[in-house]
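# Structural features, examined
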Amino acid sequence: VVGLSAAGATGIKVGVSDTGVAVASNIARTTELAERKTDVSRIRASDRTQLLREGLEEPTSLAAARRILTRTMVEPTSTPGSMEFADAHECWVLEASYDRFATEVANDGVVARANRFEMLGDLNNPADTSSPQRYARCSSLRAEAERNGGLTFERLIAFSADHDGGPGLSSICRHSDDYRAETSLGASVIEIDPDKPASSRIALALGK
């Protein structure tokens with residue numbers, strides 16, 4: 001397994017296994033999250049990252065998604081959010097709240113997520129203006145790339161550091177001058193080799 005974690009943690013924020021399964025996760029800024037006044041700066045989705053690490057034990061994205069969905073239905077994560085499980089053939093997106101779950105599978109094309117739900121969109125916090133703007137920017141960059149030769153490993157790296165509308169809370173790469181602010185902690189781009197999964201490429205960036 002190669003991935004992005006945090007000091008003292010065993011979970012994976014984003015990563016890939018030598019069987020060619022890639023995982024990623026992000027929190028969803030829902031009304032419930034705001035009402036519960038959860039201190040996300042302390043939790044940092046630690047239970048979700050541990051689930052991703054567990055998913056990387058599976059040989060396919062479907063097997064990983066099925067295993068983790070079953071787990072979260074019994075033991076919901078401490079914060080709402082999405083988890084993505086991909087291999088060279090398909091990508092499964094799991095959106096999980098405290099008592100609601102939704103799944104989406106993509107066999108072709110592109111799926112995007114910011115810090116909000118798409119399938120469970122009615123749970124999103126209307127006060128969160130950052131996530132819709134970042135999602136719109138993702139969609140805009142994707143459309144621009146498709147008009148100019150398609151998505152590439154190098155373009156996705158550039159997208160992850162995009163500062164349009166910022167740098168700040170409304171840009172894809174979120175960061176501010178205050179080190180205590182909840183901002184982007186890292187980024188990764190993974191290109192899975194369908195024939196030789198152990199030769200897949202991964203680019204990692206830790207920090208702002």
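Every value quoted in this text rests on a predicted model; they were computed, and no experiment measured them.

### Things to note about a nonpolar patch on the surface
A surface patch of nonpolar side chains, about 200 Å² in accessible area, is lined by V110, L151 and L156. Residue placement: L151 occurs in the loop between α5 (130-147) and α6 (153-160).

### Quick look at the sheet that holds strand β5 (residues 91-96)
Read from one edge to the other, the open sheet built from six strands follows the order β1-β2-β3-β4-β5-β6, with strand pairing classed as antiparallel. Each edge of the open sheet carries a strand with a single partner, namely β1 (2-4) and β6 (101-106). On average, each strand axis in the sheet is inclined to that of its neighbour by 10°, with strand direction left out of account. Bridging between β5 and β6 involves six bridges; their strand directions are antiparallel. Across the sheet, L94 pairs through a bridge with T103, a residue of β6. Here helix α4 (residues 61-74) sits on the sheet in contact with β4 (81-86), β5 and β6, set at roughly 155° to β4.

### Looking at the environment of V21
Within the secondary structure, V21 is located in the loop between β2 (14-16) and β3 (22-27). Judged by its relative accessible area of 0%, V21 falls in the buried class. For the pair V21 and L56, spaced 35 residues apart in the sequence, the C-alpha separation amounts to 6.4 Å.

What counts, and at which threshold
- Here the residue numbers are simple positions, counted from 1 along each chain's written sequence.
- Totals for whole chains, interfaces and linings use all residues, but because this is a predicted model, local features are given only for residues with pLDDT of at least 70 and pairs of side-chain atoms are given and counted only at 80 or more.
- No hydrogens and no water enter the side-chain calculation; it runs on all heavy atoms of the structure.
- Residues enter patches when they are more than 30% accessible in relative terms and free of salt bridges; like-charged ones are connected within 9 Å and nonpolar ones (Val, Leu, Ile, Met, Phe, Trp, Tyr) within 5 Å.
- The method behind every accessible area is Shrake-Rupley, applied with a 1.4 Å probe, and residues are considered shielded solely by the protein chains displayed.
- Take a side-chain nitrogen of Lys or Arg and a carboxyl oxygen of Asp or Glu: if they are within 4 Å of each other, that pair is a salt bridge.
- Under the DSSP-based scheme used, a helix requires at least four consecutive residues in state H or I and a strand at least two consecutive residues in state E, with every element numbered from the N terminus.
- At least two DSSP bridges between two strands are required for those strands to pair.
- To obtain an axis, a line is fitted to C-alpha atoms, over the contacting stretch when the element is a helix, and the angle between two such axes runs from 0 to 180 degrees between their N-to-C directions.
- By the convention used here, residues are in contact when the closest approach between their heavy atoms is within 4.5 Å.
- A simple rule labels every residue: compare its accessible area, found with a 1.4 Å probe on the protein chains alone, to the largest value its type can have, and call it buried under 20%, exposed over 50%, or partly exposed in between.

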